[in-house]
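Structural overview
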Amino acid sequence: FGLAAINPTSFIVVFAPKGGATPGTCTGTATRPPVDPSGGWEIEESLDIEWAHAMAPLATLYLVEAQSNSFSDLLCAVTVASGLVQKAGGGEVSMSWGSGEFSAETTFDPLFTTPGVVYFASAGDSPGASYPSASPNVVSVGGTRVSRNSVTGAFIGENVWQDAGSGPSRFEPRPVYQNGISSIVGTHRGTPDIASDANPYTGVWVLDNFMAPPGCSPCWYIVGCTSVSVTTWAGIANAAGSFSASTSAELTKLY
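What comes next is a walk through the structure. (Residues numbered from 1 in each chain as written. Predicted model: local features only at pLDDT ≥ 70, side-chain atom pairs only at ≥ 80, totals over all residues. Heavy atoms only, no water.)

Here the bond from tyrosine 131 into proline 132 is cis, since omega is 15°, no more than 30 degrees from zero. Along the polypeptide, proline 132 turns up in the loop between β6 (130-131) and β7 (139-148). Of note, the amide linkage connecting threonine 191 to proline 192 takes the cis form, showing an omega dihedral of -5°. Following the sequence through the fold, proline 192 ends up in the loop between β10 (188-191) and β11 (194-197). Within the chain, cysteine 225 stands out as a residue other than glycine whose phi angle is a positive 85°. With respect to the element layout, cysteine 225 can be found in the loop between β13 (219-223) and α4 (226-239). Using a relative accessible area of 25% as the deciding quantity, one classes cysteine 225 as partly exposed. (Helix = DSSP H or I, 4+ residues; strand = E, 2+ residues; numbered from the N terminus. Buried < 20%, exposed > 50% of the residue type's maximum accessible area, 1.4 Å probe, protein only.)

Here is the structure:
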């Protein structure tokens with residue numbers, strides 16, 4: 001598509017240590033995590049790398065692999081990513097994963113306050129709010145669908161993707177930056193904050209060879225869901241060239 005290749009010196013793969021320790025204490029690297037036999041996380045990884053590069057082709061990309069998709073391992077990986085981005089002078093951490101909300105989630109919110117780092121999280125692909133998208137310290141990214149002329153490809157319009165996650169948090173109070181929309185969100189933190197194309201029927205091209213059928217290696221896939229929109233927006237914020245000092249500062253600017 002005319003993009004320059006990723007500069008090898010600007011692409012670093014880091015393996016986060018096994019969780020279990022307090023996520024905020026996770027540092028360093030560990031052995032490579034096992035391959036996901038389903039291929040699902042493989043496609044997810046290709047999506048994140050390729051669309052971060054597509055939207056911010058000059059950015060240094062850190063791919064941080066968690067040892068599993070357990071909550072403790074994922075938060076450990078976020079902590080490692082935060083340290084890398086902060087040390088590099090600031091930037092964004094994109095999280096294309098989430099879970100249902102839980103009453104103790106507010107105790108994890110401080111993990112998304114590393115100075116110089118702005119956190120983006122997908123709002124999910126089912127009704128309701130999810131975590132960490134619902135954290136007030138995270139930019140929650142929802143999904144839309146794009147309509148185009150089937151012959152010319154010309155843009156026609158953009159609407160809500162009905163399967164995208166959204167709604168008020170059950171446990172997080174309304175942050176200051178949402179006071180201006182209190183009539184919409186009420187007393188709790190509302191999600192999402194922003195959105196972009198996430199409908200699989202209007203999705204994005206992703207090149208991957210892990211699940212390639214015979215005669216097709218690597219293969220092109222059309223991928224959707226809010227994993228697309230969160231990586232897209234993290235790339236847009238990076239390419240803007242002026243990094244906010246925190247997620248709160250970024251959201252204040254957006255609102």
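Those residues of helix α5 (residues 247-254) that fall on the buried side of the exposure criterion are Thr247, Glu250 and Leu251. The arc that holds every buried residue of α5, seen down its axis, measures 95°, which confines them to one face. Opposite its buried face, α5 presents the exposed residues Thr252 and Lys253, each directed more than 90 degrees away. (Arc of directions from axis to C-beta.)

Right, let's get into the nonpolar core. Within soluble globular proteins, side chains that are nonpolar generally end up buried alongside one another. Val64, Val93, Met95, Phe112 and Tyr119 are the most contacted members of the largest nonpolar core, which totals 23 residues. Broken down by secondary-structure element, the contributors of at least two residues to this core are α2 (71-87), β3 (91-95) and β5 (117-122). Ignoring anything within four residues of it in the chain, the contact list for tyrosine 119 reads Val78, Ser82, Val93, Met95, Leu111, Phe112, Thr113, Thr114, Asn137, Val138, Val139 and Thr247. Of all hydrophobic cores here, the second largest spans 10 residues; its members include Phe120, Val139, Val141 and Leu251. (Core = buried A, V, L, I, M, F, W, Y, C linked by side-chain atoms within 4.5 Å. Contact = heavy atoms within 4.5 Å.)

For helix α1 (residues 40-55), built from 16 residues, the straight-helix expectation of 22 Å at 1.5 Å per residue is met to within 8% by its first-to-last C-alpha distance of 23 Å. If you check which residues of α1 are buried, you get Ile43, Glu44, Ser46, Leu47, Ile49, Trp51, Ala52 and His53. Looking at the packing, one finds that the buried side of α1 touches β1 (11-15), β2 (61-65), β12 (204-208), β13 and α4. (Expected span 1.5 Å × (residues − 1).)

Once that is clear, we can look at the packing of aromatic side chains. Applying the stated criterion across every chain yields a total of 11 aromatic pairs. An angle of 80° between the planes, with centres 5.7 Å apart, marks the rings of phenylalanine 1 and tryptophan 220 as edge-to-face. Taken together, the residues phenylalanine 1 in the segment before β1 and tryptophan 220 in strand β13 connect sequence positions 219 residues apart. Between the aromatic rings of phenylalanine 102 and phenylalanine 108, the centroid separation amounts to 6.0 Å while the plane-to-plane angle is 70°, which identifies the pairing as edge-to-face. Phenylalanine 102 sits in the partly exposed class, given a relative accessible area of 23%. Its relative accessible area of 22% is what places phenylalanine 108 among the partly exposed residues. (Phe/Tyr/Trp six-rings, centres within 6.5 Å; stacked < 30°, edge-to-face > 60°.)

Positionally, serine 133 belongs in the loop between β6 and β7. The class of serine 133 is buried, set by a relative accessible area of 0%. At 2.6 Å, the side chain of serine 133 forms a polar contact with the side chain of serine 140. For serine 133, the contacting residues outside a window of four places in its chain are Ala121, Ser122, Ala123, Val138, Ser140, Arg189 and Thr191. (Polar contact = N/O pair within 3.5 Å; in protein donor to acceptor, adjacent residues only side chain to side chain.)

With that out of the way, let us pick up the state of the cysteines. Evaluation of the coordinates by the stated rule reveals 1 disulfide. A disulfide bridge connects cysteine 26 with cysteine 76, and the sulfur atoms are separated by 2.3 Å. Disulfide cysteine 26 to cysteine 76: torsion about the S-S bond roughly -125°, handedness left-handed. Of this pair, cysteine 26 sits in the loop between β1 and α1 while cysteine 76 is found in helix α2, placing the two residues 50 residues apart along the sequence. Accessibility assignment for this pair places cysteine 26 and cysteine 76 in one class, buried. (Disulfide = S-S within 2.5 Å.)

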